[in-house]
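Survey of secondary and tertiary structure
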Amino acid sequence: MAEVTLAGISKTFGQTGAVDNVSLTIRDGEFVVLLGPTGAGKTTTLRLIAGLEAPDAGRITIAGRDVAGAAPATRDVAFVFQQYSLYPHLTVYENLAFPLRSPARRLHDAEIDARVREVAKMVRIDHKLQNRSTRLSGGEMQRVAIGRALVRKPAIYLMDEPLSSLDAKLRAELRLELKRIQNELGATLLYVTHDQVEAMTMADRIGILAEGKLVQIGSPREIYSNPANLHVAARLGQPHINLLPQGLLPGCNAPAGTKTIGARTEHLEISASTPGNAEIDWIEHLGDQNHLHIKVGEHKLVTLADPYLAIQRGDRIDLKLRNPLYFDAGGQRLT
Ligand SMILES: Nc1ncnc2c1ncn2[C@@H]1O[C@H](COP(=O)(O)OP(=O)(O)OP(=O)(O)O)[C@@H](O)[C@H]1O
């Protein structure tokens, strides 16, 4: 595995800026997740590294080698796409073996066989090796697609929302497995998603992309607790961070220039009180937790609560802030 660097990479398509001056190092053995809304430039970044697009400006190195002008096949990367893209006429075994059969590799059949069986076990598809790839469930097909990337040991794995077409249960399962496999292999991996749970649970570092720019990069904890601006704060956290005007709630010590207060569940203190400064507008019961919808005058906010909290719709409460996040008029974080 190897380190991959992007230095000042930009790419436009006609009038559309897709990637704007992005600099990023994916360290050897690191799992980096690019998180951003649709159109943020995530896929384009992967395609630039793979050599499927050429940058307008900037430099990409893979294992220390400048890859400008190098064809995709010579870049030593493995790409997993959102859709399974398996060879339908081949068995699972042959799909997995395919990348190893290239004449340039000159691998013996015994070596290929050993590697295919090893990877099939890793992605837990070893019991279906002789099945036609079309006779598999969606989750199994995606395991094979991931396995087909893993049979090779490239400098970097590039994965573009590989779990997004699966149902929630399978996604959660494969998320864990992918992280385990990456750990076992010590693989360098750049993974694109717009799913914050995937980013939080798998990444060593998360890079937040917005309109082609890398707005912030850091560990999941850093990005969650220390967002650089409103955009980043709004990308992580469930329910979404509440954005309130300065002065609406008591209990904060806002620095000069504060325009907006960012309050997540852990930044809010609730106590039953009449008359109180807020009212419970609605309660959503999710089983293991409740979402409390709270009205403060004209403003509405949402917070998580213990399902055993003795509170009902229409109750008056006292709502106070506890070390919330502060943002200026331009949306930049103030500390
Ligand atoms: N081949 C292309 N031709 C023209 N415009 C393109 C092309 N590829 C991407 N774009 C544009 O570049 C911008 C970034 O696209 P990109 O696919 O990288 O975003 P993304 O973050 O991966 O989005 P998504 O989550 O929807 O996949 C978008 O505005 C998109 O329309």
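Residues numbered from 1 in each chain as written. Predicted model: local features only at pLDDT ≥ 70, side-chain atom pairs only at ≥ 80, totals over all residues.

1. A few points about unusual backbone geometry
Put simply, the rule is: In this text, helices come from DSSP runs of H or I with a minimum length of four residues, and strands from runs of E with a minimum of two, each type numbered from the N-terminal end.
Note the cis peptide between glutamine 238 and proline 239, where omega equals 0°. Its location among the elements puts proline 239 in the loop between α8 (230-235) and β11 (242-245). Following threonine 274, the chain continues to proline 275 via a peptide bond in cis, the omega torsion being 5°. Within the fold, proline 275 resides in the loop between β13 (268-272) and β14 (278-285). A positive phi angle, close to 45°, is found at glutamate 211, a residue other than glycine.

2. Brief notes about the site of the ligand
We apply this condition: Any residue whose backbone-placed C-beta atom lies within 6 Å of a molecule or strand is treated as near that molecule or strand. When residue character is reported, Ala, Val, Leu, Ile, Met, Phe, Trp, Tyr, Cys and Pro are called nonpolar, Asp, Glu, Lys and Arg charged, and the others, Gly included, polar.
Around the ligand, the neighbouring residues are Phe13, Thr16, Ala18, Gly36, Thr38, Gly39, Ala40, Gly41, Lys42, Thr43, Thr44 and His194. When residues of the shell around the ligand are traced back to their parent elements, those giving at least two are β2 (16-26) and α1 (42-50). The leading source of residues in the shell around the ligand is α1, at three residues. Residues belonging to the shell around the ligand are distributed by class as follows: three nonpolar, eight polar and one charged.

3. Considering helix α4 (residues 138-150)
Here is the rule: By this rule the span expected of a helix is its residue count minus one, scaled by 1.5 Å. Our exposure labels follow a C-beta count within 10 Å of each residue's own C-beta, placed from the backbone: buried means 20 or more other C-beta atoms, exposed means 12 or fewer, and partly exposed covers the counts in between. It is the C-beta atoms, placed from the backbone, that decide contacts: two residues are in contact if theirs lie within 7 Å.
With 13 residues, α4 should reach 18 Å at 1.5 Å per residue; the first-to-last C-alpha distance of 18 Å fits that figure. Most of α4 sits inside the fold, with 11 of its 13 residues counted as buried. Residues of α4 that are buried make contact with β6 (77-80), α2 (92-97), α3 (109-122), β7 (156-160) and α5 (168-185).

4. What about the sheet that holds β11?
Pairing between the strands of a sheet is mediated by backbone hydrogen bonds and can be parallel or antiparallel. To keep things clear, this is the line we draw: Following DSSP output, two strands are said to pair if at least two bridges run between them.
Pairing is antiparallel in the open sheet, where four strands are placed in the order β11-β12-β18-β19. Of all strands in the sheet, those with a lone pairing partner are β11 and β19 (333-334), marking the two edges. Two elements, β11 and strand β12 (residues 260-263), share four bridges in a ladder whose sense is antiparallel. Paired with leucine 243 across the strands is glycine 262, a residue of β12.

5. Details of the pairing of strand β10 (residues 213-218)
When strand β9 (residues 205-210) meets β10, the two strands line up antiparallel, connected through five bridges. Counted as the bridge partner of alanine 210 is lysine 213 from β10. Count of turn residues in the β9/β10 antiparallel hairpin: two residues, of which glutamate 211 carries a positive phi of about 45°.

6. Points about the pairing of strand β17 (residues 316-321)
Looking along a regular strand, one sees the side chains alternate between the two faces of the sheet. Strand direction decides the pairing type here: β13 and β17, joined by five bridges, are antiparallel. Bridge pairing in β17 links alanine 272 to isoleucine 317. Sheet analysis places β14 next to β17, joined by two bridges and oriented antiparallel. Counterpart to glutamate 279 in the pairing with β17 is arginine 316.

7. A word on the nonpolar core
The test is simple: When buried Ala, Val, Leu, Ile, Met, Phe, Trp, Tyr and Cys residues are joined through C-beta atoms within 7 Å, the set is termed a nonpolar core. What marks off one domain from the next here is an automatic or database domain assignment.
Counting residues in hydrophobic clusters, the biggest one holds 83 residues, and the most contacted among them are Val33, Leu96, Ile156, Tyr157 and Leu190. A per-element tally of this core places α4 first, with six residues. Here this core spans two domains, since at least three of its residues come from each of domain 1 (4-235) and domain 2 (242-334). Those residues in contact with leucine 96 that sit more than four places away from it in its chain are Val116, Val119, Ala120, Val144, Gly147, Arg148 and Val151.

8. Some points on the domain arrangement of the chain
We note that the domain assignment places domain 1 (4-235) and domain 2 (242-334) within the chain. Taking only C-alpha atoms, the centre of domain 1 and the centre of domain 2 are 38 Å apart. Contacts between the two partners involve six residues from domain 1 and, on the opposite side, eight residues from domain 2. Grouping the constituent residues of the side of domain 1 that touches domain 2 by class yields four nonpolar, two polar and no charged.

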